[in-house]
Protein chains: 2
Amino acid sequence: MAKNFRLYIPEPLFPEKVITLTEAQTHYLKNVVKITRQDRISCFDGQNGEFAAELLNISKKDISLRIAKQLRPLTICPDIWLLFAPLKKDKTDFVIEKATELGCRKIIPVITEHTNTTNIKIERYTAQSIEAAEQCRRTDLPEIIPPQPLSTLLAGWDKTRTLYYMDETLNSPDFYTVLKGNSNKQAAILIGPEGGFSSEELSRLQNAPYAKGATLGPRILRAETAVAAALSCWQLIQGDWSN
Amino acid sequence: MAKNFRLYIPEPLFPEKVITLTEAQTHYLKNVVKITRQDRISCFDGQNGEFAAELLNISKKDISLRIAKQLRPLTICPDIWLLFAPLKKDKTDFVIEKATELGCRKIIPVITEHTNTTNIKIERYTAQSIEAAEQCRRTDLPEIIPPQPLSTLLAGWDKTRTLYYMDETLNSPDFYTVLKGNSNKQAAILIGPEGGFSSEELSRLQNAPYAKGATLGPRILRAETAVAAALSCWQLIQGDWSN
């Protein structure tokens, strides 16, 4: 049965262009999924949409493709950012993957007082997000920003962007009420670390006019669950899940 | 620093009752988290709420506790069920964990035409859900039902319960519109397997008056992402995340 493969190509694509895949892409297509000439390939570059591609040559070392017609135009995801305190490796992988699938435009690891991971590998995050974008049929990629301390990020915050922070103390209104009361389509979601925000951080957030605290129900969600939940809720009410 | 531990005890609890922990619980407390007499322990039984507990005795083989005062009454999660097509082991673990955290009352593995996993271990699912319930501070446990073919489940469906199925064909309305148009608090969410529903299954669902198809945005979500997303959306609009 013919299969479909979707690849991100980090250079501008246009019909008739010939591209040579990377070693990793070649390995994946040749050895992991064992591509055949019956399979369909499409490519996207994050700038010009998605294109059909023809298998030109499979050599021992690499695969070359010829770009054919455009299949879909570029669609940029809604203007929602994720700010998250890095977690253990597996959980951070999960966060990057889910944030990409759930249509996040920008992903920023933030260092908070209770963040206990310093193992932040932007290259790894980027690889995870590319894989997720290929799988979920995005034509853009989320932008992944190097980690920043929360205090720095708040000090330079563009006040026209609403910052929703998920408040585990249950002292904030529910997220539905908060989302219905705010129609700003430029937004960010901040999820704290496993240990929660410090009281200083919370008081700083509470006093920032652009920041809105919200609760996600009565149970205590793991940080990575809160990421998926909050992004889903935002997309449902204010993003591209509803018309 | 004193820590808090929360344990599920599968027998009715009441003040002054003495309980002996299982081998696994004992191993966890003694060897994994290295419990001390300064730490706080609470126990819940899924029936009578949550109780403080005192460390009575730590022997080589087991730990005994004395149940003290009730800390919280029993709270039953909203009447939302999850029906999901089992996935690979790790992904199914994830589904059970997230469904528990996201306040699912009942979890039913369903066998659809494109389900390619037959490795369904209810004991493992139960263990996963207990761990997640302990962590997220639920006082009830989700009920986990043995796997059933989708056709059997639909044939015996209680028609007063709305069944939301997530439709990857993008031919259904968005989930927000669907949720706003249906106020039935007895509901279930059905997530198909990686390969989607068969056309027969889809047509059967489309023709069932209790079933409502919905889409979760323009991107293709992995099955386990769709579980977390759909449950979050339901809790936001109709569950216990909003007042």
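The rules behind each value
- Residues numbered from 1 in each chain as written.
- Chains lettered and ligands numbered in written order.
- Predicted model: local features only at pLDDT ≥ 70, side-chain atom pairs only at ≥ 80, totals over all residues.
- Core = buried A, V, L, I, M, F, W, Y, C linked by C-beta atoms within 7 Å.
- Buried ≥ 20, exposed ≤ 12 C-beta atoms within 10 Å, placed from the backbone.
- Contact = placed C-beta atoms within 7 Å.
- Axes fitted to C-alpha atoms, helices over the stretch in contact; angles between N-to-C directions.
- Helix = DSSP H or I, 4+ residues; strand = E, 2+ residues; numbered from the N terminus.
- Parallel < 35°, antiparallel > 145°, perpendicular 65-115°, else oblique.
- Nonpolar A, V, L, I, M, F, W, Y, C, P; charged D, E, K, R; others polar.
- Left-handed = near helix turned anticlockwise from the far one by under 90°.
- Pairing = 2+ DSSP bridges.
- Least-squares fit on C-alpha atoms with pLDDT ≥ 70 in both.
- Right-handed = clockwise from strand over helix to strand, strands pointing away.

**Q** Describe the nonpolar core, and please don't skip the residues or the numbers.
**A** Grouped together as the largest cluster of nonpolar side chains are 102 residues, with contacts concentrated most on Ala230 of chain A together with Ala230 of chain B. Excluding anything up to four places from it in sequence, alanine 230 of chain A contacts Met166, Phe175, Ile189, Ile191 and Leu216 of chain A. In this structure, Ile9, Leu29, Ile63 and Leu65 of chain A belong to the second largest nonpolar core, which totals 13 residues.

**Q** Help me get a handle on the packing of helix H2 (residues 89-101) of chain B against helix H7 (residues 223-237) of chain B, residues and values and all.
**A** All names here are of chain B. The contact between H2 and H7 brings their axes to 9 Å, and the two run at 5 degrees. Classified by the angle their axes make, H2 and H7 are roughly parallel. Note on element contacts: H7 touches H2 through Glu224, Val227, Ala228 and Leu231, opposite Lys91, Phe94, Val95, Lys98 and Ala99. Its residues placed into classes, the contact of H2 with H7 shows 6 nonpolar, no polar and 3 charged.

**Q** An account of the packing of H2 of chain B against helix H3 (residues 122-136) of chain B is requested, with residue identities and associated values reported.
**A** All names here are of chain B. Two numbers describe how H2 lies on H3: the axes approach to 8 Å, and their chain directions differ by 40 degrees. Comparing the axis directions of H2 and H3 gives the class oblique. Here the hand of the crossing between H2 and H3 comes out right-handed. Judged by residue contacts, Asp93, Ile96, Glu97, Thr100 and Glu101 of H2 engage Tyr125, Gln128, Ser129, Ala132, Ala133 and Cys136 from H3. Considered class by class, the residues forming the contact of H2 with H3 number 5 nonpolar, 3 polar and 3 charged.

**Q** How would you sum up the sheet that holds strand E2 (residues 18-20) of chain B? Please name residues and give values.
**A** All names here are of chain B. Across the sheet, 5 strands lie side by side as E1-E3-E4-E5-E2; this open sheet has mixed pairing. On the outer flanks of this sheet lie strand E1 (4-8) and E2, each paired with one strand and no other. This sheet shows a mean twist of 40 degrees between the axes of neighbouring strands, independent of strand direction. Pairing geometry for strand E4 (residues 50-58) and strand E5 (residues 63-72), over 7 bridges, is antiparallel.

**Q** So what's going on with the relation of the copies chain A and chain B? Residues and values would help.
**A** Superposition record for chain A on chain B: RMSD 0.0 Å, screw rotation 180 degrees, translation along axis 0.0 Å. Seen this way, the second copy is the image of the first under a two-fold rotation axis. A high fraction, 100%, of the interface residues of chain A reappear at the interface in chain B, so the copies pair face to face through one surface.

**Q** Before we move on, could you go through the pairing of strand E7 (residues 106-111) of chain B and cite the residues and values that matter?
**A** All names here are of chain B. In the sheet, strand E6 (residues 80-84) pairs with E7 via 4 bridges, with the strands oriented parallel. Across the sheet, leucine 82 pairs through a bridge with isoleucine 107, a residue of E7. Tracing the backbone out of E6, into H2 and back to the parallel element E7 gives a crossover that is right-handed. Pairing geometry for E7 and strand E8 (residues 143-144), over 2 bridges, is parallel. Following the sheet pairing, lysine 106 is matched in E8 by glutamate 143. For the segment spanning E7, H3 and E8, crossover handedness is right-handed.

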